[in-house]
Amino acid sequence: EAQVTQNPRYLITVTGKKLTVTCSQNMNHEYMSWYRQDPGLGLRQIYYSMNVEVTDKGDVPEGYKVSRKEKRNFPLILESPSPNQTSLYFCASSFAATGANVLTFGAGSRLTVL
Amino acid sequence: QKEVEQNSGPLSVPEGAIASLNCTYSDRVSQSFFWYRQYSGKSPELIMSIYSNGDKEDGRFTAQLNKASQYVSLLIRDSQPSDSATYLCAVNDGTSYGKLTFGQGTILTVHP
């Protein structure tokens, strides 16, 4: 089944404890992206990747890191999480980034930072 | 900061009516426009894309784009309770292909 898989789906952690949210897609998509969703603010783009080893900042990159060493994986790293990073996170991918942006989303990862 | 604005609602319509959802965007060079639907507790899913001025129809859904006025709308005909969801407008400017900006979403409720 074609899908985007995120893990963990739910996580409660404490301030400053490094964590990684994994994202993997099995559709051979070139483009991958991370979003966070907060009430009243909609989906905001954190980082995106046009292809392997090519990443760029979205609208809210502060406090996050990403890497794209393989085409299928695009992990989101929180080096020192803070409470304002409590949010619902979505990973998404698409076949090409050339304006199409027909995204397939993962199921989401709900993160709570205490 | 490029902005995409939607009325957060909630928009309530009776079953069988036409639901009209609107979205305005600030960047005149925007090229690609999308409507995603998100059920409560689920991830967004694409329902319509539109790239040129005018109307695009797909079943009960019609997307309308007016680049001169910088708005895009979604009409849902014969609304059903199963259409109750949050509808997200998304815009890509075509110069930075990877950047997709979403509006805050409009909550639609279709009551029997």
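Residues numbered from 1 in each chain as written. Chains lettered and ligands numbered in written order. Predicted model: local features only at pLDDT ≥ 70, side-chain atom pairs only at ≥ 80, totals over all residues. Heavy atoms only, no water.

**Q** Please provide a residue-by-residue account of the state of the cysteines, values included.
**A** Any covalent bond linking the sulfur atoms of two cysteines counts as a disulfide. Applying the stated criterion across every chain, the model contains 2 disulfides over all chains. Bridging Cys23 of chain A to Cys91 of chain A, the disulfide has an S-S length of 1.9 Å. Residues Cys23 of chain A and Cys91 of chain A are joined through a disulfide that is left-handed, its torsion about the S-S bond being -75°. Here Cys91 of chain A lies in strand E9 (residues 87-94) and Cys23 of chain A lies in strand E3 (residues 19-25), a separation of 68 residues in the sequence. You can call Cys23 of chain A buried: its relative accessible area is 3%. Assessed through its relative accessible area of 0%, Cys91 of chain A is described here as buried. What pairs with Cys23 of chain B in a disulfide is Cys89 of chain B, and their sulfur atoms sit 2.1 Å apart. Note on the Cys23 of chain B and Cys89 of chain B pair: the S-S dihedral is about -75°, so by sign convention the disulfide is left-handed. With Cys23 of chain B in strand E3 (residues 19-25) and Cys89 of chain B in strand E9 (residues 85-92), the pair connects residues that are 66 residues apart, well separated along the chain. (Disulfide = S-S within 2.5 Å. Helix = DSSP H or I, 4+ residues; strand = E, 2+ residues; numbered from the N terminus. Buried < 20%, exposed > 50% of the residue type's maximum accessible area, 1.4 Å probe, protein only.)

**Q** How would you explain the interface of chain A and chain B if you had to name every residue and give the values?
**A** Size of an interface: often given as the accessible area lost when the parts come together. The interface is formed by 24 residues belonging to chain A together with 21 residues belonging to chain B. Taken together, both faces of the contact between chain A and chain B bury some 1,700 Å²; the carbon and sulfur share is 53%. Taken together, the connections running from chain A to chain B amount to 0 salt bridges. Applying the counting rule to chain A against chain B returns 4 residue pairs in polar contact (both at pLDDT 80 or more). Taken together, the elements giving at least two residues each to the side of chain A that touches chain B come down to strand E4 (31-38) and strand E5 (42-51) of chain A. Counting residues per element, the side of chain A that touches chain B draws most heavily on E5 of chain A, which supplies 5 residues. (Contact = heavy atoms within 4.5 Å. Buried area = accessible area lost by both parts, 1.4 Å probe. Salt bridge = Lys/Arg side-chain N within 4 Å of Asp/Glu carboxyl O. Polar contact = N/O pair within 3.5 Å; in protein donor to acceptor, adjacent residues only side chain to side chain.)

**Q** Give a detailed account of the sheet that holds strand E7 (residues 65-66) of chain A, specifying residues and quantitative values.
**A** Residue and element names in this part refer to chain A. Strands sit in the order E1-E3-E8-E7 across an open sheet of 4 strands; the sheet is antiparallel. At either end of the open sheet lies a strand with only one pairing partner, and these are strand E1 (4-7) and E7. Examined bridge by bridge, E3 and strand E8 (residues 76-78) share 3 bridges and lie antiparallel to one another. When the bridges of E8 are listed, Thr20 appears paired with Ile77. (Pairing = 2+ DSSP bridges.)

**Q** Could you give an account of the sheet that holds strand E6 (residues 54-58) of chain B, naming the residues involved and the relevant values?
**A** All names here are of chain B. With respect to topology, 5 strands assemble into an open sheet ordered E1-E3-E8-E7-E6, the strand pairing being antiparallel. Among the strands making up the open sheet, the edge pair consists of strand E1 (4-6) and E6. In this sheet, neighbouring strand axes are inclined to one another by 20° on average, regardless of whether the strands run parallel or antiparallel. Inspection of the sheet shows E3 paired to strand E8 (residues 71-76) by 6 bridges, in the antiparallel sense. What sits directly across from Ser20, in E8, is Leu75. (Axes fitted to C-alpha atoms, helices over the stretch in contact; angles between N-to-C directions.)

**Q** For the layout of surface pockets, give the residues involved together with the corresponding values.
**A** By volume, the largest pocket amounts to about 480 Å³. Along the walls of the largest pocket sit 21 residues, with Gln37 and Pro39 of chain A together with Gln38, Thr86 and Ile107 of chain B positioned nearest its centre. Secondary-structure elements contributing two or more residues to the lining of the largest pocket are E4 and E9 of chain A together with E9 of chain B. The residue makeup of the lining of the largest pocket, split by class, is 6 nonpolar, 12 polar and 3 charged. (1 Å grid on protein atoms, 1.4 Å probe; cavity = no way out; pocket = protein on both sides within 12 Å on 5 of 7 lines; lining within 4 Å. Points joined across faces, edges and corners; volume = space filled by probe spheres on them. Nonpolar A, V, L, I, M, F, W, Y, C, P; charged D, E, K, R; others polar.)

**Q** So what about the packing of aromatic side chains? Which residues, and what values?
**A** All names here are of chain A. Across all of its chains, the model carries 10 aromatic pairs over all chains by this definition. A centroid spacing of 6.0 Å and a plane angle of 45° characterise the contact between Tyr35 and Phe105, whose relative ring orientation is tilted. With a gap of 70 residues between them, Tyr35 in strand E4 and Phe105 in strand E10 (residues 104-105) connect regions that are remote in the sequence. Residue classification places Phe105 among the buried residues on the basis of a relative accessible area of 8%. (Phe/Tyr/Trp six-rings, centres within 6.5 Å; stacked < 30°, edge-to-face > 60°.)

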